[in-house]
Structures are given as C-alpha cells and as structure tokens.
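Listed below are the residues making up each chain.
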Amino acid sequence: KKKKKKWKKSQGHSLLGCPPSTLGHEIECFSPEHLTETPIPHCMGKRRERALESSQLKKSVFLSPMTEADLPQVMVIEQHTFLSAWKEETFREEILPTDGFFAYTAKRHVQGIPGRELLGYIVFWDMMQYVHIANIAVAESYRGRHIGKKLMAISMQYTLNNSRNIILLEVRASNDAAQQFYIDLGFEKAAVKRGYYQKENEDAFVMALRLHSSRRKHQMVERVQSILADTTLVETPLGNTSPGDSQ
C-alpha cells in the first residue's frame, strides 16, 4: 500500500520516476535485438577528466545513508536539478526504516571533518523482481567527477547481493548526456514511455541493466569493486554480504 502511494507521487519527476508497471503511459518496447546482454564496458568512455577531479577528491568521498540532517542540502540539489522536484516530505518518507527502500548520499571530507558538503544522492527501491532507481542527482559543481558513478554502484552492489537480475530507470528522451552515462554503465534502452514527463510533454526512455548470466554478473562485480575501490562506504544496505558473494 505504501509503495503504491510512493509510485503515484513520483509521476512526472524530472530524470527518474516510478516503475514501468505502475504507469498508464503508452509504452513502446524495442525489438529483442536491442536487449541482448552486451558486455559491460571496462571504461567509462574516453572523455577527458576535469582538471578539478583529483585523487584527493576521490579519496575524500564517502557514501552513507541519507539522514534528516542531510535534507536541507539534498533539497538545494534537487531544486536546482529538476523541473518537477521532489518535496522534502517525499525524501523524509524515503529515509524511514522501511524494507526495500534505500536513500544514500555522497559527501566529502572538509578539513578532516566528514559530512560537511553533500555532493549527490540516490534513492532506489527493491521491487522484488527488479531494482528501480527512483531518483539520483549530483551537485552541478561536481558533475563529471564520478560521483554519480559511485552512487549508482550502491544500487548495483545491492542488486548483485540480493539476487535481482535487472535494474530499471527512466531518463528524458532529450537528455543525451544522461543516456550515455547509463550506457557506459551497461544499461540499454528497453522501451519508450510516451508523454512521461507531463509538464513538458516529453517522452522517457526506460533503460535496463540486465544481469541474467553469470558472465554478466561477474563483469558487474568487477565494475562495482573498481568504482568503490577508493570510496569509504559508511554503511551498506546489504547486510553482511559483499559483491563477490553473489557468485
């Protein structure tokens, strides 16, 4: 019952929204040849890293569960990122101790004190058949510096350790940069939702990361370990398991 309420709230969100099965939008699926399990790339593309992205920044980033104290900074990023931003109350519901609902933040140490600057966040839901990315955003000044990749790795790690075989999300049809970001992580375009973003009457691509084969899962384990190698993970939503336990 709670999930249905949340899904309804998510309709029309800017980058990522509610699960495909809960919407009344027209959906056009791509042909099967577009859904083959292509290898997960070993690099994130050959785009030049920003000069500001230093090893010092990478090592100072840590991931932790979103808390009430994070909400003011979360809302600043949310309102600067999305035309149809989530309300603070929506995030407050997401951080409640509810099974299957997870909200994580990326922060950086400032003068040796962690948690002073929030760089981005992710909200994802375990729908049993799949994991759904409900919201993800990175502060504008930190985009292109692998923060989004680290946040996505949390959901990927959860998917591996809980034997889920697919991650789904929605992205604007006009947002080529976001689509390429997800393609670099191994996602594929699986369907189109006509008029999904209602304010702009814009379509959304449903993008899927499929993990049905052991080879695919092994590639994902290696990818997650690589992404999180220089990141402090304060607490995971994974119990006592680690990425390799899914093999």
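Every chain's residues receive numbers from 1 upward, in the order its sequence appears when written. Only residues with pLDDT of 70 or above have their local features reported here, since the model is predicted, and side-chain atom pairs are shown and tallied only from 80 upward, although totals for entire chains, interfaces and linings are computed over all residues. To obtain the side-chain values, all non-hydrogen atoms of the structure were included, while hydrogens and water were left out.

Colleague: How would you summarise the packing of aromatic side chains if you had to cite specific residues and measurements?
Modeller: Only Phe, Tyr and Trp rings take part, Trp by its six-membered ring, and two of them pair if their centres are within 6.5 Å. Stacked means planes under 30 degrees apart, edge-to-face means over 60, and tilted covers everything else. The final tally for this structure, using the stated rule, is nine aromatic pairs. Each ring, one from Phe101 and one from Trp125, has its centre 5.8 Å from the other, and the planes form 55°; the classification is tilted. Here the residue Phe101 occupies a position in strand β3 (residues 101-110), and Trp125 occupies one in strand β4 (residues 113-126), the gap between them amounting to 24 residues. With respect to burial, Phe101 and Trp125 carry one shared label: buried. Look at Tyr196 and Tyr197: their rings are 4.9 Å apart centre to centre, the planes differ by 90°, and that puts the pair in the edge-to-face class. Considered together, Tyr196 and Tyr197 belong to a single accessibility category, that of buried residues. Ring pairs connect the aromatic residues Trp86, Phe91 and Tyr121, which therefore count as one cluster. In this arrangement the basic side chain of Arg172 is found over the ring face of Tyr197, its NZ or CZ atom lying 4.2 Å from the centre. The ring of Phe205 carries Lys189 above its face, with NZ or CZ at 4.3 Å from the centroid. Segments assigned H or I by DSSP are reported as helices when at least four residues long, segments assigned E as strands when at least two residues long, and all are numbered from the N terminus. Relative accessible area decides the class of each residue, using a 1.4 Å probe on protein chains only: under 20% of the type maximum gives buried, over 50% gives exposed, and in between gives partly exposed. Both a distance and an angle decide whether a charge sits over a ring: NZ of Lys or CZ of Arg must be within 6 Å of the ring centre and within 35 degrees of the ring normal.

Colleague: Account for the side chain of Glu94, naming residues and giving values.
Modeller: Considering the arrangement of structural elements, one finds Glu94 in helix α4 (residues 88-94). Residues adjacent in sequence count toward polar contacts only when both atoms are side-chain atoms; beyond that, a polar contact is any pair of N or O atoms within 3.5 Å, and within protein one must be able to donate a hydrogen and the other to accept it. At a separation of 3.1 Å, a polar atom in the side chain of Glu94 contacts the side chain of Trp125.

Colleague: Tell me about unusual backbone geometry, and please be specific about residues and values.
Modeller: For Ser163, which is not glycine, the phi torsion reads 55° and is therefore positive. Looking at where Ser163 falls in the secondary structure, it is placed in the loop between α5 (147-161) and β6 (166-172). Residue Ser163 is classed as exposed on the basis of its relative accessible area of 58%. Despite not being glycine, Asn201 shows a phi value in the positive range, around 50°. Considering the arrangement of structural elements, one finds Asn201 in the loop between β7 (188-197) and β8 (202-210). Looking at Asn201, the relative accessible area reads 61%, which means it is exposed.

Colleague: I'd like a description of the packing of α5 against helix α7 (residues 214-227), backed by residues and values.
Modeller: Axis separation between α5 and α7 bottoms out at 9 Å; the angle between their running directions is 140°. On the basis of their axis angle, the class for α5 and α7 is oblique. Between α5 and α7 the crossing geometry is left-handed. Contacts between α5 and α7 involve Lys149, Lys150, Ala153, Met156, Gln157 and Leu160 from the former and Lys217, Met220, Val221, Arg223, Val224 and Ile227 from the latter. Among the residues forming the contact of α5 with α7, the class breakdown is seven nonpolar, one polar and four charged. Axes here mean lines fitted to C-alpha atoms, for a helix over just the part in contact, with angles spanning 0 to 180 degrees between N-to-C directions. Angular relationships are summarised with four words: roughly parallel below 35 degrees, roughly antiparallel beyond 145, roughly perpendicular across 65 to 115, and oblique for the angles in between. The sense of a crossing depends on the near helix, which, turned anticlockwise from the far helix by less than a right angle, makes the crossing left-handed and, turned clockwise, makes it right-handed. We call two residues in contact when some of their heavy atoms are within 4.5 Å. Note that Gly is not counted as nonpolar here; it falls among the polar residues with everything else outside the nonpolar set of Ala, Val, Leu, Ile, Met, Phe, Trp, Tyr, Cys and Pro and the charged set of Asp, Glu, Lys and Arg.

Colleague: I'd like to hear about the pairing of β7, residue by residue, with values.
Modeller: Within β7, eight of the ten residues are buried, leaving the element largely enclosed by the surrounding structure. The antiparallel pairing of β7 with β8 creates a hairpin that spans four residues between the two strands, and Asn201 there sits at a positive phi of about 50°. Two strands are said to pair when DSSP picks up at least two bridges between them.

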